[in-house]
Structure formats: C-alpha cells, structure tokens
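The residues making up each chain are set out below.
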Amino acid sequence: MAIILPKITLKNKKDIARSIPRILSTFLFMILISGCALLQSPSSFKPGSINEVRFRDRALSKSDHDIRVTAAVPTAEEARVLFNANLIGREIQPVWVKVENHSNDAYYLISTATDPNHFSPLEAVYTVRGGLFGVYRDDMERFFRSMNFRNPILPNTAVSGFIYTNLDEGEKVVQIDLIAAEQVKFFTFFVEIPGMRVDYRRVDFKSLYPEEQIADVTEDALRAALEQLPCCTTDKDGTKLGDPINLVIIGDFIDVAAAFARKGWLPAEDTYATAVWKTIKSFLFGSRYRYSPVSPLYYFGRGQDFARQKPRRDIHERNHLRLWYSNLRFNGKPVFVGQISRDIGVRFTLKAWPPVTHKIDPDVDEARHALIEDLIYSQMLAKVGFVKGVGRARPSNPRINLTGDPYFTDGYRTVLILDQGPIAMNQLKDLDWERPETFHLGSSNGK
C-alpha cells in the first residue's frame with residue numbers, strides 16, 4: 001500500500017506551528033496502517049473447542065443438598081487456545097463454572113462474589129483486541145458472549161460458562177455465591193496455579209508436629225494456652241524480640257484463604273532472587289507488584305509458615321500478616337497464631353534480607369481492627385474475642401521491632417474463629433474474654 005504524505009511548505013514559524021497537527025495526524029495514520037499489517041484477518045479467528053481443550057479434567061466439584069457446583073481454571077496456554085487470544089497477557093483470567101440445580105427454585109450466580117471487578121464479555125474482547133477489527137472483532141464478541149455464564153439457573157437445569165476475572169498468580173480462590181428466594185449458598189474452591197513460588201508451598205503442615213503433640217482444647221483451655229504463648233516474634237537466632245504476636249485465626253487453611261480472598265488479601269511470593277529483584281524494581285520505579293515477599297520473622301523456632309497481604313496503591317502501602325501453624329486444635333480446626341501490621345512506606349535497611357523493608361504504622365492495633373472489619377464483611381467470621389498478649393506499650397513509650405520501627409499497642413491478641421458462610425453481621429458472636437477499650441461488639445453471646 002502506497003501512502004501519500006501531504007506536501008508541507010514551511011515559510012515561517014507560523015507555518016511550522018500550523019503544520020504540526022497535520023504532521024502528527026499523518027504520523028499517527030502511518031502507525032495505524034503499519035499496525036494493521038500485524039493484525040489477523042477476519043477469517044483467522046478460530047477459537048478452540050471446549051471439548052478438546054481439556055482444562056475441565058482438573059475441575060473441582062462440591063454439592064450442597066440439591067445444588068452441585070463445578071469449577072475449573074484454564075492455564076494461560078489453554079485460555080489462549082480456547083479463546084484465540086492472549087487473555088492472561090492482558091491480566092484476564094477466565095474461570096469456568098457449572099451449576100446443576102436439582103431443586104424447585106431458580107438460583108442466580110453472583111459474579112461479584114467471584115471477582116468484584118470482573119470483566120464483561122465485550123470488555124474482555126476490547127481489552128484484548130481494541131476497536132480496529134471490524135468483522136473479526138464481531139466474531140470474537142459473539143464467541144465471548146456465548147461462552148459467558150448466564151443467569152438464571154432454573155429448576156432442574158444446569159448452566160455452565162465463564163466468568164472473566166482479574167488475573168491471580170500462584171493460587172486462585174474461586175468463590176461461587178448462589179442466591180434464591182430466602183436462600184444463599186456458598187461454594188469455595190482453592191486452585192493452585194503453577195508459575196509462582198508461593199510461600200506456603202514449602203511447608204508440609206502435616207509433618208510440623210508429631211501426632212502426640214496435637215492438642216484439641218476446650219474454649220477455656222484455648223484461652224489459657226493462647227495467653228501463655230511467647231509475646232513476640234524473634235530474629236533467626238531467637239535472641240532479639242520483634243513484632244508482637246497479636247493475631248489468632250482458627251479455621252481450615254482453605255477457609256482462611258477464602259475469607260481473606262473475599263476482601264482482597266493475596267498470598268506472598270517466597271523470598272528468592274527473582275522476587276527480590278521484582279521488589280527492588282517496584283520500589284525504584286513504582287511498578288505494580290501484588291505478591292511482594294514478606295520478610296521472615298521467627299516463632300516456634302521457624303519463619304512464618306505463610307503470609308497474606310492486602311496491597312493498595314503501590315508496594316509502599318499494604319496491610320500484611322504472618323501466620324504460624326500451632327499444635328492446638330479447637331473443635332477440630334487448626335489454630336494459627338500470627339502478627340499483623342500496616343505498611344506505610346519502603347526503605348533500604350541493613351537489618352534484613354532483602355535489603356528493602358517496609359516501615360510499619362506504629363499503631364499496630366489499627367491493623368488488627370481493620371482485619372476484623374474485613375473478615376466481618378467476608379461473611380465467614382463466626383466469633384471474635386481477645387486474650388492477653390504482649391502487654392501495653394503507650395505511644396509515649398513505644399517498643400522497637402527488629403528493623404528499628406517503633407510500635408505501640410493495648411497488648412491484646414485478637415482471636416478470630418472462621419466458619420463456612422454466609423454469616424450475617426447480626427450472627428457474629430463475641431467470645432466475651434478480655435475487653436480492649438478501643439474495640440467491642442456490644443452484646444456478648446459467645447457460647
């Protein structure tokens with residue numbers, strides 16, 4: 001194709017100024033034309049067959065009386081073949097869901113429970129292909145719409161399709177919420193995604209304690225045991241005290257992951273060379289890094305078993321926590337103890353590896369209360385209470401953690417008991433143990 005450029009005569013500075021818009025528009029036109037040569041022709045859109053792309057071989061299923069839900073997450077390559085588009089490259093992750101309704105009620109799937117910022121089918125097409133594709137784009141739009149999960153799920157029918165979610169790495173907690181008249185059903189699927197070294201994968205929880213050390217305790221014994229735990233995290237040698245142990249979470253690992261995921265909490269990448277470099281790059285250039293490693297602190301003689309973080313605008317700002325698997329069980333569920341704080345900045349340090357660390361908000365109780373609020377809204381928090389912990393440290397006389405940051409606290413540990421939801425706010429129970437001045441639920445009907 002020959003492109004004829006406009007003839008420009010430049011007599012003076014005014015002519016130059018008047019010619020700039022014409023030059024720019026011509027330059028932009030040339031870019032667009034050259035780009036078209038790289039685009040596929042309308043006839044080249046050939047999506048894969050859902051029966052031939054075998055991602056459903058890894059599908060997980062759960063049932064609740066007369067409702068059965070199945071979910072699967074295609075890999076990046078499977079999604080590319082199935083949709084004939086690089087969805088993962090645009091940070092779009094399709095999640096396949098099938099709902100079998102054997103009841104007499106019509107159910108509706110709440111897509112915002114799976115991802116509050118999910119993509120519509122046409123938005124996904126536009127994100128991948130843009131607006132310059134004519135018939136080819138129309139073919140894609142029809143296909144993406146046909147693959148979308150469509151409500152309602154009528155009595156004695158099955159509906160399947162995709163929800164176009166934002167990309168998660170390392171793991172995908174797929175939350176499927178279904179509603180009918182005066183009914184709500186929760187289904188949670190935990191899907192591991194290869195490609196990222198998530199911190200908890202290095203831990204074999206079953207082998208941390210021999211069977212004879214596992215203690216299933218009553219509520220009174222649980223309170224006593226939690227109050228007797230050491231006050232704080234330490235360095236690797238156990239000789240210096242770090243951040244206070246101010247958090248206890250009781251629930252199966254998948255319940256913990258699901259409750260946190262529902263409010264935007266993500267896993268942390270393990271600390272290794274690639275993750276360290278991504279952290280430094282994010283610090284220097286302000287690039288996005290949602291899975292930044294959480295530096296190790298030590299408790300029970302080992303670094304945290306896993307961490308969770310809630311990133312905000314950039315790497316400088318996040319809420320994060322570390323959790324250790326204890327030998328305690330309450331009502332048959334694991335008891336995790338941990339530490340939570342709010343990061344408000346990043347700085348270089350010689351006291352930790354990697355040599356960049358977050359500066360914490362000195363008011364560590366604020367981060368503790370923010371987590372309680374998050375888990376209340378996750379609708380998976382059944383009970384909340386407080387036990388004695390590190391002891392009070394006032395703002396006028398703060399303690400210092402291992403990286404030199406000051407912190408102050410009322411000294412209590414919050415105890416959060418998770419359960420399968422949905423748990424409405426007015427169903428939340430108070431353990432009625434200690435009473436911090438800065439937090440209370442009002443009524444106490446804990447047992």
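Residues numbered from 1 in each chain as written. Predicted model: local features only at pLDDT ≥ 70, side-chain atom pairs only at ≥ 80, totals over all residues. Heavy atoms only, no water.

Draft legend 1. Expanded view of the nonpolar core. Counting 34 residues, the largest nonpolar core has Phe260, Leu371 and Leu416 as its most contacted members. Elements supplying a minimum of two residues to this core: strand 11 (247-250), helix 7 (253-261), strand 16 (318-330), strand 17 (333-348), helix 9 (364-378), strand 19 (381-388) and strand 22 (412-418). Excluding residues that lie within four positions of it along the chain, Leu416 makes contacts with Leu247, Val248, Ile249, Ile250, Leu371, Ile372, Leu375, Leu381, Lys383 and Val384. (Core = buried A, V, L, I, M, F, W, Y, C linked by side-chain atoms within 4.5 Å. Buried < 20%, exposed > 50% of the residue type's maximum accessible area, 1.4 Å probe, protein only. Helix = DSSP H or I, 4+ residues; strand = E, 2+ residues; numbered from the N terminus. Contact = heavy atoms within 4.5 Å.)

Draft legend 2. The arrangement of the pattern of salt bridges in detail. Counting across every chain of the model gives 20 salt bridges. Asp410 is paired through a salt bridge with Arg368; the nearest N and O atoms lie 2.8 Å apart. Of this pair, Asp410 sits in the loop between strand 21 (406-407) and strand 22 while Arg368 sits in helix 9; the two residues are 42 residues apart in sequence, bridging distant segments of the chain. For the pair shown, Asp410 and Arg368 are each scored as buried. A salt bridge links Arg435 to Asp432, with the shortest nitrogen-to-oxygen separation between them at 3.2 Å. According to the relative accessible area criterion, Arg435 is partly exposed, its value standing at 36%. Judged by relative accessible area, which is 40%, Asp432 ranks as partly exposed. When salt bridges that share partners are traced, they join Arg223, Glu227 and Glu434 into one network. (Salt bridge = Lys/Arg side-chain N within 4 Å of Asp/Glu carboxyl O.)

Draft legend 3. Focus on the pairing of strand 10 (residues 241-244). The pairing of strand 9 (residues 232-234) with strand 10 spans 2 bridges and is antiparallel. Note that in strand 10 the partner of Cys232 across the bridge is Pro244. Where strand 9 folds back onto strand 10 in an antiparallel hairpin, the turn is made up of 6 residues, including Gly238, whose phi is positive at roughly 75°. (Pairing = 2+ DSSP bridges.)

Draft legend 4. Representation of the packing of aromatic side chains within the structure. Scanning all chains against the criterion turns up 20 aromatic pairs. Between Phe55 and Trp96, the aromatic rings sit 6.2 Å apart at their centres with planes inclined by 75°, giving edge-to-face as the arrangement. Of this pair, Phe55 sits in the loop between helix 1 (13-36) and strand 1 (60-64) while Trp96 is found in strand 3 (residues 92-101), placing the two residues 41 residues apart along the sequence. Residues Phe55 and Trp96 agree in their burial class; the two are buried. Here the aromatic rings of Phe190 and Phe253 are separated by 5.6 Å at their centres, their planes lie at 80°, and the arrangement is edge-to-face. Taken as a pair, Phe190 in strand 7 (residues 183-192) and Phe253 in helix 7 lie far apart in primary sequence, 63 residues in all. (Phe/Tyr/Trp six-rings, centres within 6.5 Å; stacked < 30°, edge-to-face > 60°.)

Draft legend 5. Representation of the sheet that holds strand 7. An order of 4-6-7 is seen for the 3 strands of this open sheet, with the pairing classed as antiparallel. One side of each edge strand has no neighbouring strand; the edge strands of this open sheet are strand 4 (108-109) and strand 7. In this sheet, strand 7 lies alongside strand 6 (residues 171-180) in antiparallel orientation, the contact comprising 10 bridges. If you follow Val173 over to strand 7, its bridge partner there is Phe190.

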